[in-house]
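Chain residues, written in single-letter form:
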Amino acid sequence: MSFVCSLPTLRRTILSAFFLLFVAGFFVPSAPAADQLTVYSGRGERLIKPVLDAFTTATGIQIELLSSGTTELVNRLKAEGDRTSADLLITNDAGSLELARTAGLLHPLNMREIERAIPGQFRAPDNAWVGLTGRFWIVAYNPTMVQPDQVKSLLDLADPKWKDKIAIPNSSSEYLQAGVSVIRVTHGDEKTRQFLQGLKTNAGSQVYQKSSQIVDAVAKGQVALGIANHYYVYRHLAAQPGAPVAALMPDQHEGGMGAIMNVSGVGIVKSTKHLDSAKLLVEFLVAQAGQKLFADLDKEYPLHQDVKADPALVERKSFRAALVPLYKLAELREPTITLIEQVGLR
Amino acid sequence: MSTIRHQLVSPLQLVTLATAGIILLPLGYVTAQALSADPVVWSRLWATRIPELLSNTVSLAASVAVITLILGVSTAWLVTRVEFPGRRLWEGALVLPLAMPTYVLAYVYSYLLGFGGPVEHLWQLVAGPQARIFSPHSYLGATLVMALATFPFVYLLSRSALLSMNVSFEEVARASGVSRLSTLWRVTLPLMRPSIAAGVALVILYVVSDFGAVSLLRYQTLTYAVFQQMTGRSDNTAASILSLLLVGLALIFLITERWFRQRSRFYQTTGRYRAPQRHQYGWLGTAAVIGYLGLIVGAAFALPASLLIQWSLSPEAQATLDSRFFGFVWNSGILAASAATGGVLIGLPLAYLASRRPTILNLGCLQAAYAGYVLPGPVAALAVLVLFTKLAPVFYGSVLILIVAYVIHFLPAGLQSLEPALQHMSPNLEEVARTLGLGMRATWRRVTLPLVRNGFVVAWVLMFLQTMKELPATLLLRPVGFDTLAIRVWMEASEEYYRLAAPSALLIVLLSLPALALLVSKDWRAA
């Protein structure tokens, strides 16, 4: 009897052992194969995937992409620590990269290719992160509703005459936070607070998650003006030539702040087990070929000195950028968020 | 004998206790984190966000409750008390909106009602080229979408009430000379009150914890704010504080719902002595009834579904149907299947012990498992995240934490099928089997399991379905390479790439339909 019983029991034990093995393999994060990289990306998947695909085609190295919010990914990297499967972090904001660097999440790099391609002000002193592309806060306007000389400065958007006529990004977007930081440094907290207050009133419910939606709303005439990163306007125009939307470079007047600049960038995660492949990817992204993809597909300003921006864009040399070093964005972030919350932006 | 029993029961008891612990721990952690937060953070949130978020959440819940009440009760009354062509068909069609996840409905409506969208064009033909309609990205828009998505809850419960109600009360009223309308008002509706209230409470709970629709319609509620705090801030303190408020709010509604459900049991004991007479209207009345039902089913299901089909057939959408797309399908399937299996395995001992040995401890464990009801997706994600980073960081970034979040979140849905399945089965059957010489294990395998199998299947399917549609927890916890269909819908829809989102959305709806049929057939048997 006991023998008869033990047979199924034995089988069951073996089965459950297999099951447990399977479960363990499934649940514990596994290190990807050698010729594979895991990229955490805080940029829109549409903007980064084509470039990563080009890298895969060129090198045969497969890329697993996790697209999510930049801050969320930095939080995730912190929590995962050395166990993370991420090899690289790509973000839409230099401040987030600097925060990741100061948290010790990124790997310093000593690569001639980087130093030759990207000017010093667009990367960390130890190259733990490297800027890839430049983007500027512009005022997107609908030429059928607004004349470009009606707005000189970003701060003009807080004017009550634009009530219900402007669209702004959501307050958790890193690029809004970075922009507000720059305004704080230039104009001080009190003036920034008034500006944000006006922005909040004027925008009403026109607060968007994505820049593309803001540009879309302007082009449709739902609002007259919007704050967005420049390339969304040009991407919109490339997809729909002749759409009634244009970009206006603000704060260029005598004594003005200059356009607010930020960079997208990349850093290698400190605990990566694929340092060589990861370096290959960074090299690809900063080299002329990679930079040209960003310029052509995404309409961003390449940071490589020898790569030209899309001819449709405003010539980079023709306007001034605000004078706030990118790495400063990291330390400015917390007080900026507090100010944004005090004003109660959505 | 007693030693055998002892050996068998105590591991089960341990499992139950451990489960209840696992479910309550995350909630406890979030609460602790919120309560130990710097008072400065609390006062900042009170001064800036909380009043707006609370009033937005409560007013949305209130307006949706009113609309679903009207839609749900009126449709239930029509299909049970009026005879018209295709009545049985309409009876089923009114449940179909439950197959539409709120985020799918939200994105379809943000296209339809959007600036320069088709509805506005139609309206401009009537009211002149400058006319505007209300924006879907508003209180009104969120109300409309949530009401269309949730009214079937009220409909189903009201319908059951109308079918099981003793018609003699109404007949007495009519015989005493009370008018038909007055009977409805003074007899029928008061008798239905517990069911209606339970349905509305369910709707409110659903609205309060919804993330998909409010995020796409950019309407700020507590649930959406928790998600934004988690993704936009480097620490989770503010998110925990908002979560605690949200849990409190949901708890109030949950208790209300329970309270009404207890009372409704009392009413449902009165048997129905014969089927109510169905009234037949003239052709005009019949046309009006069908028009009304058609409008509701059309707006909540037929129109969105046909748009999804049309978009899915567009060349851009077809181009996305590559191996990557099937990867998303596979991810959705495997995650949902794991969560459903996990949920059943965990729910079974809980439900079994609570029905067989209803000690305070066992009942308490069962109640703990219902905590998932008051943990909206982002909160469940936050809770599990906090727990794992504190206790078992090795699993961070793995599939396990996502599945734990799903199980915690959806266990109540499963338990609601498991619990009655076990309760309906008389313990005598097991006792007979034992007397006839079957061992504990054999009794389980040959008597208990076959009897509760249907409850199992329903529980599994329900959890599978809910997990497959789940959005916020998946967004926050998914490991690398685990994008699901729901994620794809949300990512494409939030950039207004309506066509690209359509195939994934359509597939979710199609997969939901069989599960819905199962759910409804269960309900119909119960009625």
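Since we're looking at a predicted model, the values are computed, not measured. (Residues numbered from 1 in each chain as written. Chains lettered and ligands numbered in written order. Predicted model: local features only at pLDDT ≥ 70, side-chain atom pairs only at ≥ 80, totals over all residues.)

Thoughts on the interface of chain B and chain A
One frequent convention defines the size of an interface as the accessible area lost when the parts assemble.
Next up, step 1: Facing the 30 residues of chain B at the interface are 32 residues of chain A.
Next up, step 2: Only helix H2 (39-48), helix H11 (222-232) and helix H18 (399-424) of chain B provide two or more residues apiece to the side of chain B that touches chain A.
Next up, step 3: Sort the elements by how many residues they give to the side of chain B that touches chain A and H11(B) lands first, with three residues.
Next up, step 4: For the side of chain B that touches chain A, the per-class residue count stands at nine nonpolar, 15 polar and six charged. (Contact = placed C-beta atoms within 7 Å. Helix = DSSP H or I, 4+ residues; strand = E, 2+ residues; numbered from the N terminus. Nonpolar A, V, L, I, M, F, W, Y, C, P; charged D, E, K, R; others polar.)

Regarding the pairing of strand E3 (residues 88-91) of chain A
All names here are of chain A.
Next up, step 1: The alternating pattern of E3 places Leu88 and Ile90 and Leu89 and Thr91 on opposite faces, both of which are buried.
Next up, step 2: Of the strand pairs in this sheet, E3 and strand E9 (residues 261-268) are connected by four bridges, and their pairing is antiparallel. Bridged to isoleucine 90 within E9 is valine 266. (Buried ≥ 20, exposed ≤ 12 C-beta atoms within 10 Å, placed from the backbone. Pairing = 2+ DSSP bridges.)

What about the nonpolar core?
Next up, step 1: Core analysis: the biggest nonpolar cluster contains 177 residues, and B:Val145, B:Ala383, B:Val384 and B:Ala405 have the highest contact counts within it.
Next up, step 2: The leading source of residues in this core is H18(B), at 16 residues.
Next up, step 3: If we skip the residues at most four places from it in the chain, B:Val384 touches B:Pro26, B:Ile401, B:Val404, B:Ala405, B:Ile408 and B:Leu477.
Next up, step 4: Core analysis: the next-biggest nonpolar cluster, separate from the first, contains 103 residues, A:Leu47, A:Leu97, A:Val245 and A:Ala259 among them. (Core = buried A, V, L, I, M, F, W, Y, C linked by C-beta atoms within 7 Å.)

A few points about helix H17 (residues 377-391) of chain B
Residues and elements named next belong to chain B.
Next up, step 1: An ideal rise of 1.5 Å per residue puts 21 Å on 15 residues; H17 measures up with 21 Å between its terminal C-alpha atoms.
Next up, step 2: Most of H17 sits inside the fold, with twelve of its 15 residues counted as buried.
Next up, step 3: What H17 keeps buried is the set Gly377, Pro378, Val379, Ala380, Ala381, Leu382, Ala383, Val384, Leu385, Val386, Leu387 and Phe388. (Expected span 1.5 Å × (residues − 1).)

A closer look at the packing of helix H15 (residues 323-356) of chain B against H18(B)
Residue and element names in this part refer to chain B.
Next up, step 1: Where H15 contacts H18, the two axes come as close as 7 Å, and the packing angle between them is 45 degrees. Viewed along their axes, H15 and H18 adopt a mutual orientation that is oblique. H15 and H18 meet at a crossing whose hand is right-handed.
Next up, step 2: Broken down by class, the residue content of the contact of H15 with H18 amounts to 17 nonpolar, seven polar and one charged. (Axes fitted to C-alpha atoms, helices over the stretch in contact; angles between N-to-C directions. Parallel < 35°, antiparallel > 145°, perpendicular 65-115°, else oblique. Left-handed = near helix turned anticlockwise from the far one by under 90°.)

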